[in-house]
Amino acid sequence: MRIILAGTGSAVGKTTISTGIMKALSEKFNVQPFKVGPDYIDPSYHTLATGNTSRNLDSFFMKEGQVRDSFLKGMEGKDIAVIEGVRGLYEGIDSINDIGSTASVAKSLNAPVILIINSRSLVKSAAALVLGFKALDPEINIAGVILNKVKNKAHYLKTKKSIEELTNTEVIGGITRDDKISIEQRHLGLVPARERENSLKFIDIWSEVIKNSIDLDRLVEIAKTAPKITSNIVPIWNEINKQKVKIGIAYDEVFNFYYKENIESLEANKAKIEYFSPLNDEELPDVDGLYIGGGYPELFSKELSENEKMLQEIKTFHLEDRPIFAECGGLMYLMNSIHDDKVVNVYPYKSILTDRVQALKYTIAEVTQDNIISKKGEKFNGHEFHYSKVLVCEDNLRHEFAFNILRGKGSYDNQDGFIQGNTLASYVHTHVAAMPNFGGNLAISSNELGG
């Protein structure tokens, strides 16, 4: 069983509605959540709502067969998939094709779609929206509609009648405007669920609203209409390492932006994962390599700076030429400082948070020299989304870069991947589907260099 919850655009309430549905359905089913697109924050709410780690499906990172492989891996032992879309149903990397869109995932999985509409001040015009979305691509099965931000019951019933009679599409629920289901925003989007003590309280509220507003039994019936997946499957990672290895992954309130499949690809390549906290721990675990993902180190820079023992542990690990791979927030942590708070100082540059986004884009990178995760000449797709920047310029640049950024911005002059010994730090977020040897290469590097 599978269903996609897609919006007519951004800010129609997809995340609160999707998370509420996931929580409500979890009372009866083992729900596997998914998110379309390169997002870390919305999935954190999904994970809290269901108890299952939310996974990303993205046709820019993944071939069609890889979308299906990732989906089926996630569905092992689960009853139903609830897939939250990204932006509007048809929004992708350009204005014509499907790449990067919710529609592309719907096609790859042959999944029915529930269209979420912000119906404020709309009645008959809501029917026009539904007709347009259905007509644009007849391959997409728009099987139902949810109306968000209805004024009252009368408004809901009038809009429901218009849609059902004029578009032959059923409306399975409507949600009345209510400020209590809004969520605090932050510079990368929604506030990460790990930071919010009352996240579960919010999710419980959303779930109760959903149970009182949407026909969940009908939603499940629609999900049951999805046919068995029989199209080709393409593995999202390769298994190339044969020797056991131990890799430490930074995971705490600060660093928690990881794609689940990246970690699973390491495990599939004989890596035992040891989690540690740069914020709270004073020692690294006994490992051969380190992986420091993204997050919000700029919000914890003082606390990170005060944990001098951990800073020295990581610096020593680096000086011993043992492999360290860092992404985005991890890159900031390996710089000389975040704002004026001293951090690891693998690289002698200052990182700062700015008041405007520095990069927000899908990226294409070309590898210009061998490194701990990739080989010269390879190309891979990724994404960048950050408000921070590294204060590096022609006058103070002391490092070579591993990647030329063919699409996107990078850290400096369309380059990224600071290399210092066996440490690699990049603003580009990597998904193993776009770099199938990621887990194997990092495991092999850790075996050969970190033991």
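This text goes with the structure placed above it.
**Student:** Can you lay out the overall build of the chain for me, pointing to particular residues and giving the numbers?
**Tutor:** The helix and strand inventory of the chain stands at 13 helices and 25 strands. Scaling as 2.2 N^0.38, a compact globule of 451 residues should have a C-alpha radius of gyration of about 22 Å, and the chain matches this with 23 Å. Dimensions of the chain along its principal axes, counting C-alpha atoms only, are 70 × 45 × 40 Å. Burial statistics for the chain: of 451 residues in total, 59% are counted as buried. For the chain, the accessible surface area stands at approximately 18,400 Å², while carbon and sulfur atoms represent 45% of it. Placing the 52 positive and 60 negative side-chain charges of the chain at their respective mean positions leaves the two points 7 Å apart.

**Student:** If you had to explain the packing of aromatic side chains to someone new, which residues and values would you point to?
**Tutor:** Applying the stated criterion across every chain, the model contains 23 aromatic pairs. Ring geometry for Phe 257 and Tyr 296: centres 5.6 Å apart, planes at 75°, overall edge-to-face. Of this pair, Phe 257 sits in strand S11 (residues 255-257) while Tyr 296 sits in the loop between strand S14 (294-295) and helix H10 (301-306), and the two are 39 residues apart along the sequence. Here the aromatic rings of Phe 401 and Tyr 412 are separated by 6.3 Å at their centres, their planes lie at 25°, and the arrangement is stacked. Highlighted residues: Phe 401 in strand S22 (residues 400-407) and Tyr 412 in the loop between S22 and strand S23 (415-420), separated in sequence by 11 residues. For the pair Phe 401 and Tyr 412, one class covers both residues: buried.

**Student:** Give a detailed account of the side chain of His 431, specifying residues and quantitative values.
**Tutor:** Locating His 431 in the fold gives a position in the loop between strand S25 (429-430) and helix H13 (438-450). Look past the residues within four positions of His 431 in its chain and what remains in contact with it is Asn 56, Phe 61, Met 62, Tyr 259, Glu 261 and Asn 262.

**Student:** Can you lay out the pairing of strand S5 (residues 113-118) for me, pointing to particular residues and giving the numbers?
**Tutor:** Within S5, 5 of the 6 residues are buried, which leaves it mostly tucked inside the rest of the structure. The pairing of strand S1 (residues 2-7) with S5 spans 4 bridges and is parallel. Among the inter-strand pairings, Ala 6 is bridged to a residue of S5, identified as Leu 115. In the sheet, S5 pairs with strand S6 (residues 142-150) via 6 bridges, with the strands oriented parallel. The residue bridging Asn 118 from the neighbouring strand is Asn 148, located in S6. The handedness of the S5 to S6 crossover, carried by helix H5 (residues 124-136), is right-handed.

**Student:** Could you give me a rundown of the layout of surface pockets, with the residues and numbers involved?
**Tutor:** A water-sized probe, rolled over the atoms, reveals where empty space remains. Counted as a void, the second largest pocket has a volume near 460 Å³. Among the secondary structure elements, those contributing two or more residues to the lining of the second largest pocket are helix H2 (41-50), strand S3 (55-57), S11 and helix H9 (260-268). For the lining of the second largest pocket, the leading source of residues is H2, giving 5 residues. The class makeup of the residues in the lining of the second largest pocket is 11 nonpolar, 6 polar and 5 charged.

**Student:** For the packing of helix H1 (residues 14-25) against helix H8 (residues 216-224), give the residues involved together with the corresponding values.
**Tutor:** Here H1 crosses H8 at 90°, and the two axes come no closer than 11 Å. Taken together, the axis directions place H1 and H8 in an arrangement best described as roughly perpendicular. Across the interface between the two elements, Ile 21, Ala 24 and Leu 25 of H1 pack against Leu 216, Leu 219 and Val 220 of H8.

**Student:** Account for helix H4 (residues 102-109), naming residues and giving values.
**Tutor:** Here H4 lies mainly inside the structure; 7 of its 8 residues are buried. Three or more residues of H4 are buried, namely Thr 102, Ala 103, Ser 104, Val 105, Ala 106, Ser 108 and Leu 109. Elements in contact with the buried residues of H4: S1, strand S2 (31-36), S3, helix H3 (64-74), strand S4 (80-88) and S5. A positive phi of about 50° marks Asn 110, the residue just after H4.

**Student:** Go over the environment of Lys 376 with me, naming the residues and quoting the values.
**Tutor:** Here Lys 376 shows up in the loop between strand S19 (359-367) and strand S20 (379-386). Lys 376 sits in the exposed class, given a relative accessible area of 61%. Taking C-alpha positions, Lys 376 is 23 Å from Val 346, a pair spaced 30 residues apart along the chain.

**Student:** Quick one: what's the story with the pairing of S20, residue by residue and with numbers?
**Tutor:** Across 8 bridges, S19 lies against S20 in antiparallel orientation. By the bridge assignment, Ala 359 is partnered in S20 with His 386. Here S20 pairs with S25 via 2 bridges, running antiparallel. Counterpart to His 383 in the pairing with S25 is His 429.

**Student:** So, the pattern of salt bridges: which residues are in play, and what are the values?
**Tutor:** The full count for this structure, using the stated rule, is 21 salt bridges. We note a salt bridge from Asp 98 to Lys 107, for which the minimum N-O separation is 2.7 Å. Its relative accessible area of 23% is what places Asp 98 among the partly exposed residues. On the accessibility criterion, Lys 107 (28% relative accessible area) is partly exposed. Lys 350 is the salt-bridge partner of Asp 340, the closest N and O atoms lying 2.8 Å from each other. One end of the pair, Asp 340, is in the loop between strand S16 (337-338) and strand S17 (341-342); the other, Lys 350, is in strand S18 (residues 350-353), and 10 residues separate them in sequence. Classification of Asp 340 as exposed rests on a relative accessible area of 63%.

**Student:** Give me the lowdown on the sheet that holds S18, citing residues and values where you can.
**Tutor:** Strand order in the open sheet made by the 4 strands is S17-S16-S18-S21, with mixed pairing throughout. Both outer strands of the open sheet, S17 and strand S21 (388-390), are each paired with one neighbouring strand and no more. In this sheet, S21 lies alongside S18 in antiparallel orientation, the contact comprising 3 bridges. Its bridge partner lying in S21, Ile 352 is registered against Lys 389.

**Student:** Requested: an account of the environment of Leu 266, with residues and values cited.
**Tutor:** Within the fold, Leu 266 resides in helix H9. Accessibility expressed as a relative area gives 0% for Leu 266, which makes it buried. Sequence separation of Leu 266 and Leu 442 is 176 residues, and the distance between their C-alpha atoms is 7.7 Å.

Conventions and cut-offs
Residues numbered from 1 in each chain as written. Predicted model: local features only at pLDDT ≥ 70, side-chain atom pairs only at ≥ 80, totals over all residues. Heavy atoms only, no water. Helix = DSSP H or I, 4+ residues; strand = E, 2+ residues; numbered from the N terminus. Rg over C-alpha atoms; globule rule 2.2 N^0.38 Å. Buried < 20%, exposed > 50% of the residue type's maximum accessible area, 1.4 Å probe, protein only. Areas by Shrake-Rupley, 256 points an atom, 1.4 Å probe, with all protein chains shown as cover. Lys, Arg positive; Asp, Glu negative; His and termini not counted. Charge placed at Lys NZ, Arg CZ, Asp CG, Glu CD. Phe/Tyr/Trp six-rings, centres within 6.5 Å; stacked < 30°, edge-to-face > 60°. Contact = heavy atoms within 4.5 Å. Pairing = 2+ DSSP bridges. Right-handed = clockwise from strand over helix to strand, strands pointing away. 1 Å grid on protein atoms, 1.4 Å probe; cavity = no way out; pocket = protein on both sides within 12 Å on 5 of 7 lines; lining within 4 Å. Points joined across faces, edges and corners; volume = space filled by probe spheres on them. Nonpolar A, V, L, I, M, F, W, Y, C, P; charged D, E, K, R; others polar. Axes fitted to C-alpha atoms, helices over the stretch in contact; angles between N-to-C directions. Parallel < 35°, antiparallel > 145°, perpendicular 65-115°, else oblique. Salt bridge = Lys/Arg side-chain N within 4 Å of Asp/Glu carboxyl O.

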